[in-house]
Amino acid sequence: KAGVTQTPRYLIKTRGQQVTLSCSPISGHRSVSWYQQTPGQGLQFLFEYFSETQRNKGNFPGRFSGRQFSNSRSEMNVSTLELGDSALYLCASSLQGARDGYTFGSGTRLTVV
Amino acid sequence: AQSVTQLDSQVPVFEEAPVELRCNYSSSVSVYLFWYVQYPNQGLQLLLKYLSGSTLVKGINGFEAEFNKSQTSFHLRKPSVHISDTAEYFCAVPAGGSARQLTFGSGTQLTVLP
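Residues numbered from 1 in each chain as written. Chains lettered and ligands numbered in written order. Predicted model: local features only at pLDDT ≥ 70, side-chain atom pairs only at ≥ 80, totals over all residues. Heavy atoms only, no water.

### Description of the state of the cysteines
Residues and elements named next belong to chain A. Applying the stated rule across the entire model yields two disulfides over all chains. Note on cysteine connectivity: C23 is disulfide-linked to C91, with sulfurs 1.8 Å apart. Across the S-S bond linking C23 and C91, the dihedral sits near -55°, which makes this disulfide left-handed. Note that C23 is positioned in strand β3 (residues 19-24) and C91 in strand β9 (residues 87-94), a separation of 68 residues in sequence. Of the two residues, C23 and C91, both sit in the buried class. (Disulfide = S-S within 2.5 Å. Helix = DSSP H or I, 4+ residues; strand = E, 2+ residues; numbered from the N terminus. Buried < 20%, exposed > 50% of the residue type's maximum accessible area, 1.4 Å probe, protein only.)

### Notes on the packing of aromatic side chains
Residue and element names in this part refer to chain A. In this structure the tally under the stated criterion is 16 aromatic pairs over all chains. Pairing Y35 with Y102 gives two aromatic rings, centres 5.6 Å apart and planes at 70°, and the pair type is edge-to-face. Residue Y35 is located in strand β4 (residues 31-38), and its partner Y102 is located in the loop between β9 and β10 (103-104); the two are separated by 67 residues in the primary sequence. The pair Y35 / Y102 is uniform in exposure class, with both members buried. (Phe/Tyr/Trp six-rings, centres within 6.5 Å; stacked < 30°, edge-to-face > 60°.)

### Some thoughts on the pattern of salt bridges
Residue and element names in this part refer to chain A. Using the criterion set out here, one finds ten salt bridges over all chains in the structure. Where E82 meets R63, a salt bridge forms, and the shortest distance between an N and an O atom there is 3.6 Å. One end of the pair, E82, is in the loop between β8 (74-78) and β9; the other, R63, is in the loop between β6 (53-57) and β7 (64-68), with 19 residues separating them in the sequence. The exposure class of E82 is partly exposed, given its relative accessible area of 43%. A relative accessible area of 16% means that R63 is categorised as buried. (Salt bridge = Lys/Arg side-chain N within 4 Å of Asp/Glu carboxyl O.)

### Comments concerning the layout of surface pockets
There is about 450 Å³ of room inside the largest pocket. What lines the largest pocket is a set of 24 residues, and nearest its centre among them are A:Q37, A:R109, B:Q38, B:E88 and B:F90. Counting residues per element, the ones that place at least two in the lining of the largest pocket are β4 of chain A together with β10 (87-94) of chain B. The element that contributes the greatest number of residues to the lining of the largest pocket is β10(B), accounting for three residues. When grouped by side-chain class, the residues that make up the lining of the largest pocket number seven nonpolar, 14 polar and three charged. (1 Å grid on protein atoms, 1.4 Å probe; cavity = no way out; pocket = protein on both sides within 12 Å on 5 of 7 lines; lining within 4 Å. Points joined across faces, edges and corners; volume = space filled by probe spheres on them. Nonpolar A, V, L, I, M, F, W, Y, C, P; charged D, E, K, R; others polar.)

Right, dumping it as structure tokens:
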């Protein structure tokens, strides 16, 4: 079966711009989580969506937001980009949540210049 | 809140040698634990997970891990490594008892030398 698809793979944006990243989970998976990965901070949880509802949110500023559609596809948006937002953004899908074990996408590498 | 510590940031090992990657967690509640692997320019892949039952958990690619409650450890082992095992390995635990997010360790870079 198809894996988790994240688009785009690479993105370069300028400070102050906004960006939208997309994630298509494995068919049948209702939970989609987003993580930010940086060399300095490692993997940090952004938020989790389940059946179109945000169930959990990490400690990130309000510039980071997301949503989930009825087909379980998810998007995350970052507004007013800062240099420190440069990171690999990973989407993880699971049947019901983290306890089931995640299937990760390959990530979107965002570079803010 | 639960936390996880990976004791070694880098582990070099020769091909066909055994390897152990160490992970310790802190928790006052029942736990479940994971090991994930990340190859260069890819996302993470689930190696194995412990939910309950047998403390020895077998995963993919010949890896196994042992849950030790008294030592709060979940070390990952492989009896004979291959060049293709070169990757970064992450131990993860539920964050604050939540089933809805994981706290990841800082990672261990395993480098298999020919």
